Amino acid sequence: AQSVTQLDSHVSVSEGTPVLLRCNYSSSYSPSLFWYVQHPNKGLQLLLKYTSAATLVKGINGFEAEFKKSETSFHLTKPSAHMSDAAEYFCVVSDAGNNRKLIWGLGTSLAVNP
Amino acid sequence: DGGITQSPKYLFRKEGQNVTLSCEQNLNHDAMYWYRQDPGQGLRLIYYSQIVNDFQKGDIAEGYSVSREKKESFPLTVTSAQKNPTAFYLCASSRTSDEQYFGPGTRLTVT
């Protein structure tokens, strides 16, 4: 069965410093992986996705993620945090063996300090 | 503009009452989904539908019902059988590819 683990439930950074949100997955198939962002009391917005093309995926708002099969990781990074990046971030894997159902991580809350 | 709309944004009901949450999309997507979100638990799938007039139970379907009579619409009914209905409910849709597009959500409070 596929699963996804977000290694930090909460991350705090200073504005202008790098962001690293960690995600590990397990998958029996070649996975599709996603990062979504949710601002308070809002729906979710797709940041980026990996679907077996380039391993370094660039997304919106300056975020990117690197698929590392050997480490089963898909960490989300951004060189310089903005106050507007404060939100909840979800790592998601597509379960190709179960009708492509999405398997969600529990989320990482990112705080950005001035 | 294309997108997914959910209404209302906030909903209050008394315990024992059924309530229906609306979800409409004009993206021409075949698949639609309902999730429940509780603090610290991420998203849990309630029901999903891959085509009109067909739907499947997700991981936590008990106490909920859905219908899919039109491609654009996938309403969710929270019945009185749902033991803990207070939550944030999110609707999503997708084409045949994996990524899902989400509505703004409905926050349901049952007292």
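Scroll up to find the structure this text is about.
Please read these numbers as outputs of a predicted model, since none were measured by experiment.

Asker: Tell me what's going on with the pairing of strand β9 (residues 87-94) of chain B, and back it up with residues and numbers.
Answerer: Residue and element names in this part refer to chain B. Counting buried positions over the eight residues of β9 gives eight, a clear majority of the element. The alternating pattern of β9 places Ala-87, Tyr-89, Cys-91 and Ser-93 on one face and Phe-88, Leu-90, Ala-92 and Ser-94 on the opposite face, and all of these are buried. In this sheet, β9 lies alongside strand β4 (residues 31-37) in antiparallel orientation, the contact comprising seven bridges. Paired with Tyr-35 across the two strands is Leu-90, which belongs to β9. Strand direction decides the pairing type here: β9 and strand β11 (residues 106-110), joined by three bridges, are antiparallel. In the sheet register, Ala-87 faces β11, and the bridge partner there is Leu-108.

Asker: Let's hear about the environment of Pro-31 of chain A: which residues, and what values?
Answerer: All names here are of chain A. Here Pro-31 lies in the loop between β4 (23-26) and β5 (32-38). Look at Pro-31 and you get buried, because its relative accessible area is 6%. The sequence separation of Pro-31 and Ile-103 amounts to 72 residues, and the corresponding C-alpha distance is 11 Å. Residue contacts for Pro-31: discarding those within four places in its chain leaves Tyr-25, Tyr-50, Phe-67 and Val-93.

Asker: How would you sum up the interface of chain B and chain A? Please name residues and give values.
Answerer: Reports of interface size often rely on the accessible area that becomes lost once the parts have come together. Residue-level contacts link 21 residues of chain B with 19 residues of chain A. With both sides pooled, the region where chain B packs onto chain A buries about 1,700 Å², and carbon together with sulfur makes up 48% of that total. By the criterion of area lost to chain A, the three top residues of chain B are Asp-98, Glu-99 and Phe-102 of chain B, representing 33% of everything that side buries. Applying the counting criterion to the chain B and chain A interface returns one salt bridge. When the shortest N-O distance is used, the salt bridge between Glu-99 of chain B and Lys-49 of chain A registers 2.0 Å. At the level of secondary structure, the elements contributing two or more residues to the side of chain B that touches chain A comprise β4, β5 (43-51) and β9 of chain B. The element that contributes the greatest number of residues to the side of chain B that touches chain A is β5 of chain B, accounting for four residues. A class-by-class count of the residues in the side of chain B that touches chain A yields eight nonpolar, eight polar and five charged.

Asker: Describe the state of the cysteines, naming the residues involved and giving the relevant values.
Answerer: Each disulfide consists of a covalent bond between the sulfur atoms of two cysteine residues. Tallying each qualifying case throughout the model produces two disulfides over all chains. Put simply, Cys-23 of chain A and Cys-91 of chain A are joined by a disulfide, and their sulfur atoms are 1.9 Å apart. Residues Cys-23 of chain A and Cys-91 of chain A are joined by a disulfide whose S-S torsion is about -70°; by sign, that bridge is left-handed. Taken as a pair, Cys-23 of chain A in strand β4 and Cys-91 of chain A in strand β10 (residues 87-95) lie far apart in primary sequence, 68 residues in all. Like Cys-91 of chain A, Cys-23 of chain A is buried. Covalent S-S linkage joins Cys-23 of chain B and Cys-91 of chain B, the inter-sulfur distance amounting to 1.8 Å.

Conventions used here
Residues numbered from 1 in each chain as written. Chains lettered and ligands numbered in written order. Predicted model: local features only at pLDDT ≥ 70, side-chain atom pairs only at ≥ 80, totals over all residues. Heavy atoms only, no water. Buried < 20%, exposed > 50% of the residue type's maximum accessible area, 1.4 Å probe, protein only. Helix = DSSP H or I, 4+ residues; strand = E, 2+ residues; numbered from the N terminus. Pairing = 2+ DSSP bridges. Contact = heavy atoms within 4.5 Å. Buried area = accessible area lost by both parts, 1.4 Å probe. Salt bridge = Lys/Arg side-chain N within 4 Å of Asp/Glu carboxyl O. Nonpolar A, V, L, I, M, F, W, Y, C, P; charged D, E, K, R; others polar. Disulfide = S-S within 2.5 Å.

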